[in-house]
Amino acid sequence: MNILTLIIAIFVIFAISRVFLRYKGKEISLREMIFWNFIWMIVLIVVLFPNLTTNIAKIIGIGRGVDTAFFISILLLFYLIFRLYVKIDKIDKDITELTIQTSKIIHKQERKR
Amino acid sequence: MILEHQNKKIFLLIPAYNEERKIGQVIDSLKKSGYHDILVIDDGSKDKTAEYAKNSGAEILRHIINRGQGASLRTGIEYLREEYNPDIIVTFDADGQHRVEDIALLLKPVIDNEFDIALGSRFLCKKCHMTPMRKLILKAGIIFTRLISRINLTDTHNGFRALGRKAIDSIKISHRGMEHASDIIDEISVKKLKYKEVPTEIIYSKYSIQKGTNKNIDFIKMGIKIILNKILS
Ligand SMILES: Nc1nc2c(ncn2[C@@H]2O[C@H](COP(=O)(O)OP(=O)(O)O)[C@@H](O)[C@H]2O)c(=O)[nH]1
Ligand SMILES: [Mg+2]
């Protein structure tokens, strides 16, 4: 095991502990907790058992194991960015709705007085 | 001029964002011409826009934070519908770029019950001058809208409109920013509203040009947003 592997492994364990803490603090849902820990576990496995990814790479047909890992990571990143986009868009719409409705409510109350 | 239409409830709806230098003047000139029902939506301005609008005697609703012109029009139209049951809503800029005299021209096709909505067009107006850059960008916007909504208009991003009852009740604005102009055109097409373009002047003062120039990039961003929304929805 080289130094880089060790550093990444420690980082992943740190990340997993953060996910658990955020779940316990009710900041993320059970589903999200499972999702994120799943991701981090995969990273951990890829780092600890590089041979495994090479075998998967052979099956999928993309050459080296590291390439497979990169390939999957990029796909995942795209998906995550998309999810973020959708979420932010939803929040943005919600804020607009809130602003519109509160401005009307406040004004109507002021008029009554 | 308003006396001819006494039986119609006509409201002026003015979205405003940081217009303290002009808003008072604009409201005064509207009142002088007989338009007394004026609703200003102060969209989280950081200056004294709200105060000056109130002092000029307009009714005013305030957004706590800036949400854009589309959101402000939604607030205004919803509020007017809930409280006054208006026959016609005229949307008017707060920066003094629209001429009060042109309101009557926009009202006519709607009052005569021929059209559901009248749209101001600065390209039908022969006297209007604008900077070449602005012209180019507005033309691009027109072609873009033509492709997306398949409606033939000479001016797609003009905030000067008169909405009759059917338009007031049926138009749904989905973008909160300037892109709402495309929403309105989409809605005209989808809801099969009868529309008419009316030549209206646009006054390009030093004040408006200085405010307008840094927005050219925004137009491109607007285009991207509209396309993204089309794809995702
Ligand atoms: N509610 C609201 N109104 C805005 C905003 N930005 C501009 N406006 C108003 O919309 C009108 C037209 O805006 P302007 O910047 O002059 O656009 P242009 O005339 O098309 O270049 C003016 O009355 C502005 O005060 C905004 O963020 N929110
Ligand atoms: Mg303007």
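Residues numbered from 1 in each chain as written. Chains lettered and ligands numbered in written order. Predicted model: local features only at pLDDT ≥ 70, side-chain atom pairs only at ≥ 80, totals over all residues. Heavy atoms only, no water.

**Q** Provide a residue-level description of the overall build of chain B, including the pertinent values.
**A** Counting secondary structure elements, chain B contains 9 helices and 7 strands. Relative to its length of 233 residues, chain B is compact, with a C-alpha radius of gyration of 17 Å against a globular reference of 17 Å. With the C-alpha coordinates of chain B rotated into their principal frame, the extents come out at 40 × 40 × 35 Å. Here chain B holds 233 residues, and 55% of them are scored as buried. Pairs at least 24 apart in sequence give 75% of the contacts found in chain B among residues at least 6 apart. When the accessible surface of chain B is totalled, it reaches about 11,200 Å², and 55% of it is carbon and sulfur. Each charge class in chain B can be summarised by its mean position, and for the 38 positive and 30 negative side chains these summaries are 5 Å apart. (Helix = DSSP H or I, 4+ residues; strand = E, 2+ residues; numbered from the N terminus. Rg over C-alpha atoms; globule rule 2.2 N^0.38 Å. Buried < 20%, exposed > 50% of the residue type's maximum accessible area, 1.4 Å probe, protein only. Contact = heavy atoms within 4.5 Å. Areas by Shrake-Rupley, 256 points an atom, 1.4 Å probe, with all protein chains shown as cover. Lys, Arg positive; Asp, Glu negative; His and termini not counted. Charge placed at Lys NZ, Arg CZ, Asp CG, Glu CD.)

**Q** I'd like a rundown of the packing of helix α2 (residues 30-48) of chain A against helix α3 (residues 50-60) of chain A, residues and numbers included.
**A** Residues and elements named next belong to chain A. In the contact formed by α2 and α3, the axes pass within 5 Å of each other and the chain directions differ by 100°. As the angle between them shows, α2 and α3 are arranged roughly perpendicular. Counting all contacts with α2, which are made through I45, V46, V47 and L48, the residues of α3 involved are P50, L52 and T53. Taken together, the residues that form the contact of α2 with α3 break down as 6 nonpolar, 1 polar and no charged. (Axes fitted to C-alpha atoms, helices over the stretch in contact; angles between N-to-C directions. Parallel < 35°, antiparallel > 145°, perpendicular 65-115°, else oblique. Nonpolar A, V, L, I, M, F, W, Y, C, P; charged D, E, K, R; others polar.)

**Q** Account for the packing of aromatic side chains, with residues named and values stated.
**A** All names here are of chain A. By the definition in use, this model includes 6 aromatic pairs over all chains. A connected cluster of aromatic rings, assembled from ring pairs, spans F11, F14 and W40. A cation sits over an aromatic face here: R83 above F35, 5.5 Å from the ring centre. (Phe/Tyr/Trp six-rings, centres within 6.5 Å; stacked < 30°, edge-to-face > 60°. Lys NZ or Arg CZ within 6 Å of the ring centre and 35° of its normal.)

**Q** I'd like a description of helix α4 (residues 101-111) of chain B, backed by residues and values.
**A** Residue and element names in this part refer to chain B. If you check which residues of α4 are buried, you get D102, I103, L106, L107, P109, V110 and I111. Those residues of α4 hidden inside the fold are in contact with β1 (10-16), α1 (23-32), β4 (88-91), β5 (117-121), β6 (161-163) and β7 (195-199). At the exit of α4 stands N113, carrying a positive phi of roughly 65°.

**Q** Can you break down the sheet that holds strand β2 (residues 38-43) of chain B residue by residue, with the values?
**A** Residue and element names in this part refer to chain B. Here 7 strands make up an open sheet; going across it, the order is β3-β2-β1-β4-β6-β5-β7 and the pairing mixed. Unpaired on one side and paired on the other, β3 (59-63) and β7 mark the two borders of the sheet. Neighbour-to-neighbour, the strand axes of this sheet turn through a mean angle of 20°, independent of strand direction. Of the pairings in the sheet, the one linking β1 to β4 comprises 4 bridges and is parallel in character. Considered in β4, the bridge of I10 is made with I88. The strands touched by helix α3 (residues 69-83) are β1, β2, β3, β4 and β6; relative to β2, the strand with the most contacts, the crossing angle is about 140°. (Pairing = 2+ DSSP bridges.)

**Q** Would you mind going over the pattern of salt bridges in detail, with residue names and values included?
**A** Counted according to the given criterion, the structure contains 20 salt bridges over all chains. Taking the shortest distance from any N to any O, the salt bridge between R176(B) and D92(A) comes out at 2.7 Å. Of this pair, R176(B) sits in the loop between α6 (165-170) and α7 (180-190) while D92(A) sits in helix α4 (residues 65-112), placing the two residues on different chains. Taking the relative accessible area as the measure of exposure, R176(B) reaches 27% and is therefore partly exposed. Each member of the salt-bridge network shares a partner with another, and the members are E97(A), K104(A), K108(A), R111(A), E59(B), R74(B), E78(B), E82(B) and E83(B). (Salt bridge = Lys/Arg side-chain N within 4 Å of Asp/Glu carboxyl O.)

**Q** So what's going on with the side chain of H180(B)? Which residues, and what values?
**A** Relative to the helices and strands, H180(B) is located in helix α7. Residues within four places of H180(B) in sequence aside, it is in contact with Q69(B), G70(B), L73(B), R161(B), I173(B) and H175(B).

**Q** Lay out the interface of chain B and chain A with the relevant residues and their values.
**A** Listed as interface residues are 21 residues of chain B and, on the opposing side, 16 residues of chain A. Buried surface at the junction of chain B and chain A, both sides included, amounts to about 1,600 Å², of which 53% is carbon and sulfur. Remark: the boundary between chain B and chain A carries 9 salt bridges. In this structure, the salt-bridge partner of K104(A) is E78(B), at a minimum N-O distance of 2.6 Å. At the surface where chain B touches chain A, the tally comes to 14 residue pairs in polar contact (both at pLDDT 80 or more). Within the residue set of the side of chain B that touches chain A, elements represented by two or more residues are β3, α3 and α9 (216-232) of chain B. (Buried area = accessible area lost by both parts, 1.4 Å probe. Polar contact = N/O pair within 3.5 Å; in protein donor to acceptor, adjacent residues only side chain to side chain.)

**Q** A description of the confidence of the model for chain B should follow, citing residues and the corresponding values.
**A** On average, residues of chain B score 87 in pLDDT, and 90% of them reach the 70 mark or higher. In the predicted complex, the global pTM is 0.76; the interface-specific ipTM is 0.82. (pLDDT = per-residue confidence, 0-100.)

**Q** Please provide a residue-by-residue account of the coordination of the magnesium ion (ligand 2), values included.
**A** Coordination of the magnesium ion (ligand 2) by the protein comes from D95(B) (OD) and Q97(B) (OE1), over a distance range of 1.9 to 2.0 Å. An identical accessibility class is assigned to D95(B) and Q97(B); each is buried. (Donors = N, O, S within 2.8 Å, 3.2 Å for Na, K, Ca; no water.)

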